[in-house]
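The residues making up each chain are set out below.
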Amino acid sequence: MAKKPQVAILIGSSSDLDVIKETENILNEFGISYVLKVLSAHRTADETIKFAKNADKLGIKVIIAGAGGSAHLAGTIAAHTTLPVIGVPMETQHLKGIDSLFSTVQMPSGVPVGCMSIGKAGAKNAAIFCVQILSASDKKLKEKLKVYKDNLKKAVLKK
Ligand code: RP5
């Protein structure tokens with residue numbers, strides 16, 4: 001039987017798939033089950049809100065939301081759930097993702113989104129940050145994170 005997803009990754013468009021692959025790679029590396037969906041705060045507003053409201057009941061523990069442009073996806077989700085929401089601002093053609101960054105990070109008081117950096121590094125860090133949240137109640141995961149960080153150090157020192 002397939003494992004129930006612990007994490008939901010939502011992206012505003014299928015054009016975000018290449019970047020969000022970085023998130024998937026890390027979650028797979030750590031053995032975290034996830035569901036990936038294309039849902040937009042603007043193009044599928046009702047469906048996005050419905051998903052956010054139901055995520056807790058589905059057993060989701062963390063939501064990662066990546067969007068570009070006027071990127072309200074993470075904020076819209078955060079407005080409709082008490083689960084932690086991590087935002088990934090996607091790079092954009094005209095403003096290079098500054099637009100996505102500002103609209104993801106600048107949330108009003110009381111409704112936080114953990115905003116990562118723009119693009120692939122942010123997508124990767126979203127997954128690592130997500131694993132860090134989950135590891136607070138999972139000793140094995142915490143051990144895996146220690147090994148991951150140690151390997152990062154070793155790779156740098158080797159250079
Ligand atoms: C956002 O608009 C998406 O997250 C994407 O980054 C951006 C462009 O989407 P497409 O026009 O490529 O579908 O909603």
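## What to know about the packing of aromatic side chains
For step 1, the next point in the chain: One pass over the full model with this rule turns up one aromatic pair.
For step 2, the next point in the chain: Judged by centre distance (5.6 Å) and plane angle (55 degrees), the ring pair of Phe30 and Tyr148 falls under tilted. Within this pair, whereas Phe30 is found in the loop between helix H1 (17-29) and strand S2 (34-38), its partner Tyr148 is found in helix H6 (residues 139-158), the two being separated by 118 residues in sequence.
For step 3, the next point in the chain: What makes Phe30 buried here is its relative accessible area of 4%.
For step 4, the next point in the chain: According to the relative accessible area criterion, Tyr148 is buried, its value standing at 12%.

## Considering the sheet that holds strand S1 (residues 7-11)
For step 1, the next point in the chain: In spatial order, the strands read S2-S1-S3-S4-S5; together these five strands make up an open sheet with parallel pairing. Of all strands in the sheet, those bounded by a partner on one side alone are S2 and strand S5 (114-115).
For step 2, the next point in the chain: In this sheet, S2 lies alongside S1 in parallel orientation, the contact comprising five bridges. Note that in S2 the partner of Val7 across the bridge is Tyr34.
For step 3, the next point in the chain: Packed onto the sheet, H1 meets S1, S2, strand S3 (62-68) and strand S4 (85-90) and runs at close to 170 degrees relative to S1.
For step 4, the next point in the chain: Contacts from helix H5 (residues 120-135) reach S1, S3 and S4, with the element oriented near 175 degrees to S4.

Cut-offs used in this document
Residues numbered from 1 in each chain as written. Predicted model: local features only at pLDDT ≥ 70, side-chain atom pairs only at ≥ 80, totals over all residues. Heavy atoms only, no water. Phe/Tyr/Trp six-rings, centres within 6.5 Å; stacked < 30°, edge-to-face > 60°. Helix = DSSP H or I, 4+ residues; strand = E, 2+ residues; numbered from the N terminus. Buried < 20%, exposed > 50% of the residue type's maximum accessible area, 1.4 Å probe, protein only. Pairing = 2+ DSSP bridges. Contact = heavy atoms within 4.5 Å. Axes fitted to C-alpha atoms, helices over the stretch in contact; angles between N-to-C directions.

Worth remembering: the numbers are spatial, not functional.
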